[in-house]
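Here is how the chains run, residue by residue.
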Amino acid sequence: MSAILSPRSLVKETDITTTLLSPDFLQTTQPKTFRHSIDAYLKDSNATGNIYFARHFEWQGICRERWFFECVSADMLQSLGVFVTKEAQQKYVNETFAFQKIDCEVNTFAVKNCSFSLLFRFLVAGELVAIGHQQIVFANKEKKIARLPDHILAKIREYEVEKGHQSPERLIVV
């Protein structure tokens, strides 16, 4: 059996308008962006070599955990409570294939006292292939929604790409 490993766009580039971050939403100072790379292998793909869509969703979790560990709190705030994923979404723009390097960029938006959202942009060679988000809520050890510690909120806000409490649809337009 042979696999076709040439990239194909799911839609014509002229048919798609992608606005990742409207200038209206950008802060006056550029936010930090967390970057993590993932290598795609045959185990991630089907017989024709394109990556299973579920892998991109799984990679959201990997990038989220790495961002928490490296940028927020290496212990994931386990002594204070837990992070709960309230909502998650993934939109696919272009196919990905085995043996490609998938670069993920992570930012935050809609940061509040007890919750925030993560924006995931997946790219291959600088081209957008998928975009998604997760809404994260912090809960104390009794599983009740709780305020994030101020020093943690400050770290989360360093990655915030817009001001206010905008919906992900305003940040993710495909």
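Structure's up top.
Here is a short report on the structure shown in this document. (Residues numbered from 1 in each chain as written. Predicted model: local features only at pLDDT ≥ 70, side-chain atom pairs only at ≥ 80, totals over all residues. Heavy atoms only, no water.)

What follows deals with the packing of aromatic side chains. Within the structure shown, the criterion is met by ten aromatic pairs. Considering the side-chain rings of Trp 67 and Phe 68, the 5.3 Å spacing of their centres and the 50° angle between planes classify their relative orientation as tilted. Assigned by exposure class, Trp 67 and Phe 68 land together as buried. Note on Phe 83 and Phe 116: the rings are 6.3 Å apart at their centroids and 80° apart in plane angle, and the pair reads as edge-to-face. Placement of Phe 83 in strand S2 (residues 81–92) and of Phe 116 in strand S4 (residues 115–124) is noted, with a sequence separation of 33 residues between them. Side by side, Phe 83 and Phe 116 carry an identical accessibility label, which is buried. Taken together, the ring pairs in this structure connect Trp 67, Phe 68, Phe 83, Phe 116, Phe 138 and Tyr 159 into an aromatic cluster. (Phe/Tyr/Trp six-rings, centres within 6.5 Å; stacked < 30°, edge-to-face > 60°. Buried < 20%, exposed > 50% of the residue type's maximum accessible area, 1.4 Å probe, protein only. Helix = DSSP H or I, 4+ residues; strand = E, 2+ residues; numbered from the N terminus.)

Take the nonpolar core next. Trp 67, Phe 83, Val 106, Phe 116, Phe 122, Leu 148 and Ile 156 are the most contacted members of the largest nonpolar core, which totals 31 residues. Those elements giving two or more residues to this core turn out to be strand S1 (34–39), helix H1 (53–72), strand S3 (101–109), S4, strand S5 (127–140) and helix H2 (150–157). When residues in this core are grouped by element, the largest group, six residues, is from H1. Setting aside residues no more than four positions away along its own chain, Phe 116 makes contact with Trp 67, Phe 68, Phe 83, Thr 108, Phe 109, Ala 110, Val 111, Gln 134, Gln 135, Ile 136, Leu 148 and Ile 156. Core analysis: the next-biggest nonpolar cluster, separate from the first, contains seven residues, Val 93, Leu 119, Leu 128 and Val 161 among them. (Core = buried A, V, L, I, M, F, W, Y, C linked by side-chain atoms within 4.5 Å. Contact = heavy atoms within 4.5 Å.)

Attention shifts here to a nonpolar patch on the surface. On the surface, Tyr 41, Leu 42 and Phe 99 cluster together into a nonpolar patch covering about 340 Å² of accessible area. On the basis of relative accessibility, which here comes to 54%, the residue Phe 99 falls in the exposed class. (Patch = residues over 30% accessible without salt bridge, like charges linked within 9 Å, V, L, I, M, F, W, Y side chains within 5 Å. Areas by Shrake-Rupley, 256 points an atom, 1.4 Å probe, with all protein chains shown as cover. Salt bridge = Lys/Arg side-chain N within 4 Å of Asp/Glu carboxyl O.)

Turning next to the environment of Ile 38. Mapping Ile 38 onto the fold places it in strand S1. By relative accessible area, Ile 38 is classed as buried at 10%. Separated by 61 residues in the primary sequence, Ile 38 and Phe 99 have C-alpha atoms spaced 9.9 Å apart. If we ignore the near neighbours within four places in the chain, the residues touching Ile 38 are Trp 59, Cys 63, Gln 100, Lys 101 and Ile 102.

With that out of the way, let us pick up the sheet that holds S4. Read from one edge of the open sheet, five strands run S1-S3-S4-S5-S2, paired in antiparallel fashion. One side of each edge strand has no neighbouring strand; the edge strands of this open sheet are S1 and S2. Neighbour to neighbour, the strand axes of the sheet diverge by 25° on average, direction disregarded. In this sheet, S3 lies alongside S1 in antiparallel orientation, the contact comprising six bridges. Within the sheet, the bridge partner assigned to Phe 34 lies in S3 and is Val 106. Where H1 meets the sheet, its contacts fall on S1, S2, S3, S4 and S5, and the angle it forms with S2 comes to roughly 140°. (Pairing = 2+ DSSP bridges. Axes fitted to C-alpha atoms, helices over the stretch in contact; angles between N-to-C directions.)

So, on to the pattern of salt bridges. One pass over the structure, following the stated rule, counts nine salt bridges. A salt bridge links Glu 158 to Lys 32; its shortest N-O distance comes to 2.7 Å. You can see Glu 158 sitting in the loop between H2 and helix H3 (168–171) and its partner Lys 32 sitting in the segment before S1, a full 126 residues away along the chain. Judged by its relative accessible area of 34%, Glu 158 falls in the partly exposed class. Classification of Lys 32 as partly exposed rests on a relative accessible area of 44%. Residue Arg 35 pairs with Glu 105 through a salt bridge whose shortest N-O separation is 3.6 Å. On the criterion of sequence distance, the pair formed by Arg 35 in strand S1 and Glu 105 in strand S3 is long-range, its members being 70 residues apart. Taken together, the shared-partner salt bridges connect Lys 43, Asp 44, Arg 55 and Glu 58 into one network.

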